[in-house]
Amino acid sequence: MNIVVDQGKCVGAGQCVLAADDVFDQRDDDGLVDLLNASPPAERLADVRHAAAVCPASAIQVED
Amino acid sequence: MSIDAERLKLPLARPNVLELAPLYEVLRREAPIAPVTTPAGDPAWLVTRYEEVRLLLGDKRFGRSHPEPEKASRISTAAVQDGPTGEFTTEEADHTRMRRLLTPAFSAKRMRLLGENMEQLVDSCLDALIAEHERTGVVDLHRGLAFPLPVAMICRLLGVPEEDNELFASLSERMAGTEIGEEAHKAREEFFRYMVGLVETKRGALGEDVISDLVRAQAEDPSFDYVEMVRLCVGLLFAGHETTVNRIGLGVLFLLTERSRWDALVADPDGRVDAVVEEVMRLGAPGDLGLLRYAREDVDIAGVTIKAGDALVLSTNAANRDATVYSHAEEFDPDRPERTHLGFGHGAHFCIGASLARTELRVVFAALAKRLPSMRLAKELDQLQVRATLTGGVAELPVTWRSA
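Below or above, wherever it landed, is the structure these notes cover. (Residues numbered from 1 in each chain as written. Chains lettered and ligands numbered in written order. Predicted model: local features only at pLDDT ≥ 70, side-chain atom pairs only at ≥ 80, totals over all residues.)

Comments concerning the overall build of chain B
So, step 1. Across its full length, chain B carries 14 helices and eleven strands.
So, step 2. The C-alpha extent of chain B, read off along each of the three principal axes, is 60 × 55 × 35 Å.
So, step 3. The 404 residues of chain B split such that 44% are buried.
So, step 4. Contacts spanning at least 24 positions in sequence make up 70% of the contacts within chain B whose residues lie at least 6 apart. (Helix = DSSP H or I, 4+ residues; strand = E, 2+ residues; numbered from the N terminus. Buried ≥ 20, exposed ≤ 12 C-beta atoms within 10 Å, placed from the backbone. Contact = placed C-beta atoms within 7 Å.)

Right, dumping it as structure tokens:
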């Protein structure tokens, strides 16, 4: 799995952190997405896909 | 757009506070973007299908401002989401700056850290309610829990004195009032003056809170208008309690009007509360309108042409019950496979307080299920007083756990 985030699109909603807090965080200074792990293990795929689906800014891309 | 006799007039009357007008189902199927007349008497488009509501919320061709605000359709007779806001030419830049400024204070991590604090607060509310119940046999969860928790949390975050709560709650109620005419706009002016007073009092001793952050940012940035800053503070204080108070009320009603829903949560509060909260966010439908947008340019979509300047009412309430997206869409089912909804909106204006609201709702419903498992409504749903405000909800939540 490979994850790409676009901080230019991110609106800091924090939805991804709620979906998978081992993969995504929010930066302290501006609240934008901080990708903790760009290639987490395959068993995290469902939560990561959910994070991408609920992102209100479509700022998360996931490739298998 | 011209008004014709065929146009639907908003709001569409609903059977009760938990259900929507059956006509929404017909609209989603046959006219997902329909011409309507707003409660203020002006033309607008009502958008009801999930696909279009989500698409339009994420589309930058639609905004909150209008090039000629005085000519824009008015939506509601309340003084909230009643017409365009912001500068047409700088809207996107202004909004981005505002989000950058506020997002850190409302981040998921910070809200999670507040969770323990919230648990203590909820426990003390419940202690007081339990003591009162010993004497009276019936207590009002609205007054004793649904209202004080969100108010206390937003006061702490924004740096607003908690003892002002009766004042700003009554200003909020009047500002969102849909049946009081000009009074709503007077309340908005009073709320503005209250906030100017608070801002200027704080300016001498700025602290670690959101209003202090905004005062600092405005003082340093000549393009950040003072009036805009004060309006933002009013908006945060209004939205930061009003919405969650209502959502707690609607959640309690969904859970207690069908015993099996409540029993399922009581059986496993920690395991089930997150899914219950998401279902309350999906199905809970406060207010009868929706999110307001104005088209920035002409747009062809779903078989209609929306002209630049046209108003749109995006019914997230209707979208969240779209049968093409959700199986048995009208049923309250926390176990449903569909995990997304538009209860916090979508796109650039996604609710900045979503993590705060989720944390509050999770703490409240887990605590209620653990501490008051035999709780039931003390009045029928149809007898509960519904608030005549833009954000709806109930004015009372009488419950009892006395053995029948």
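Overview of the overall build of chain A
So, step 1. In terms of regular secondary structure, chain A is built from two helices and four strands.
So, step 2. Each helix and strand of chain A, placed in order from N terminus to C terminus, yields the pattern β-α-β-β-α-β.
So, step 3. Since a compact globule built from 64 residues should have a radius of gyration of about 11 Å, the 10 Å found for chain A is in line with a globular shape.
So, step 4. Considering only C-alpha atoms, chain A reaches an extent of 30 × 20 × 15 Å along its principal axes.
So, step 5. Scored against the burial criterion, the 64 residues of chain A give a buried share of 39%.
So, step 6. In chain A, the share of contacts with a sequence separation of at least 24, taken over all contacts with a separation of at least 6, comes to 59%. (Rg over C-alpha atoms; globule rule 2.2 N^0.38 Å.)

Focus on the sheet that holds strand S6 (residues 291–295) of chain B
All names here are of chain B.
So, step 1. Strand order in this open sheet of six strands is S1-S2-S3-S9-S6-S4, and the pairing throughout is mixed. Edge positions in the sheet fall to strand S1 (8–9) and strand S4 (62–63), since each has one partner strand and no second.
So, step 2. In this sheet, strand S9 (residues 311–314) lies alongside strand S3 (residues 43–47) in parallel orientation, the contact comprising three bridges. Bridge pairing in S9 places Val-47 opposite Leu-314.
So, step 3. Against the sheet, helix H2 (residues 50–57) contacts strand S2 (33–37), S3, S4, S6 and S9, and its axis sits at roughly 120 degrees relative to S9. (Pairing = 2+ DSSP bridges. Axes fitted to C-alpha atoms, helices over the stretch in contact; angles between N-to-C directions.)

Here's the deal with unusual backbone geometry
So, step 1. With an omega of 0 degrees, the peptide bond between Leu-10 of chain B and Pro-11 of chain B qualifies as cis.
So, step 2. Looking at the element boundaries, Pro-11 of chain B is found in the loop between S1 and helix H1 (23–30).
So, step 3. In this structure, Ser-58 of chain A is a non-glycine residue whose phi angle is positive, near 50 degrees.
So, step 4. With respect to the secondary-structure elements, Ser-58 of chain A resides in the loop between helix H2 (45–54) and strand S4 (60–63).
So, step 5. Judged by C-beta crowding, with 14 C-beta atoms within 10 Å, Ser-58 of chain A ranks as partly exposed.
So, step 6. The phi torsion at His-328 of chain B lies on the positive side, around 30 degrees, for a residue other than glycine.
So, step 7. Its place among the elements puts His-328 of chain B in the loop between helix H13 (316–319) and helix H14 (354–371).
So, step 8. The class of His-328 of chain B is exposed, set by 9 C-beta atoms lying within 10 Å.

Here's the deal with the interface of chain A and chain B
The parts lose accessible area when they come together, and the size of an interface is often stated as this lost area.
So, step 1. On the side of chain B, 15 residues touch chain A, which itself brings 17 residues to the contact.
So, step 2. Ranked by residues supplied to the side of chain A that touches chain B, first place goes to H2 of chain A with three residues.

Section: the environment of Val-139 of chain B
Residues and elements named next belong to chain B.
So, step 1. In this structure, Val-139 sits in strand S5 (residues 139–140).
So, step 2. Placed 90 residues apart in sequence, Val-139 and Met-229 show a C-alpha to C-alpha distance of 39 Å.
So, step 3. In this structure Val-139 touches Leu-129, Glu-132, His-133, Gly-144 and Val-399, once residues within four positions along its chain are discounted.

Some thoughts on the packing of helix H4 (residues 108–136) of chain B against helix H6 (residues 148–158) of chain B
Two quantities define a packed helix pair, namely the angle between the axes and the distance from one axis to the other.
Residues and elements named next belong to chain B.
So, step 1. H6 packs onto H4 with a crossing angle of 140 degrees between their chain directions and a minimal axis gap of 10 Å. Where H4 crosses over H6, the handedness of that crossing is right-handed. Touching Leu-114, Met-118, Leu-121, Val-122 and Cys-125 of H4 are Pro-148, Leu-149, Ala-152 and Met-153, all from H6.
So, step 2. Here the contact of H4 with H6 is built from residues that sort into nine nonpolar, no polar and no charged. (Left-handed = near helix turned anticlockwise from the far one by under 90°. Nonpolar A, V, L, I, M, F, W, Y, C, P; charged D, E, K, R; others polar.)

Examining the environment of Val-276 of chain B
Residues and elements named next belong to chain B.
So, step 1. Note on placement: Val-276 falls in helix H12 (residues 269–283).
So, step 2. What makes Val-276 buried here is the crowd of 25 C-beta atoms within 10 Å.
So, step 3. Taking the C-alpha atoms as reference, Val-276 lies 32 Å from Lys-60; in sequence the two are 216 residues apart.
So, step 4. Beyond its immediate chain neighbours, meaning those up to four positions away, Val-276 contacts Leu-265, Pro-334 and Phe-365.

Let's talk about the pairing of S6 of chain B
Side-chain direction in a regular strand flips from residue to residue, so the side chains alternate between the two faces of the sheet.
Residues and elements named next belong to chain B.
So, step 1. Burial within S6 is extensive, with five of its five residues counted as buried.
So, step 2. Side-chain alternation along S6 places Leu-291, Arg-293 and Ala-295 on one buried face and Leu-292 and Tyr-294 on a second face that is also buried.
So, step 3. In the sheet, S4 pairs with S6 via two bridges, with the strands oriented antiparallel. Along S6, the bridge assignment pairs Phe-62 with Ala-295.

Points about the nonpolar core
All names here are of chain B.
So, step 1. Of all hydrophobic cores here, the largest spans 132 residues; its most connected members are Met-175, Cys-233, Leu-312, Val-364 and Phe-365.
So, step 2. Here this core takes 14 residues from helix H10 (residues 226–256), the largest share from any one element.
So, step 3. Contacts of Cys-233, omitting those with residues within four sequence positions, involve Met-195, Val-199, Ile-211 and Leu-214. (Core = buried A, V, L, I, M, F, W, Y, C linked by C-beta atoms within 7 Å.)

Describing the environment of Thr-136 of chain B
All names here are of chain B.
So, step 1. Mapped onto the secondary structure, Thr-136 falls in helix H4.
So, step 2. Classification of Thr-136 as exposed rests on a count of 11 C-beta atoms within 10 Å.
So, step 3. The spacing of Thr-136 and Gly-159 is 23 residues in sequence and 35 Å in space, taken between C-alpha atoms.

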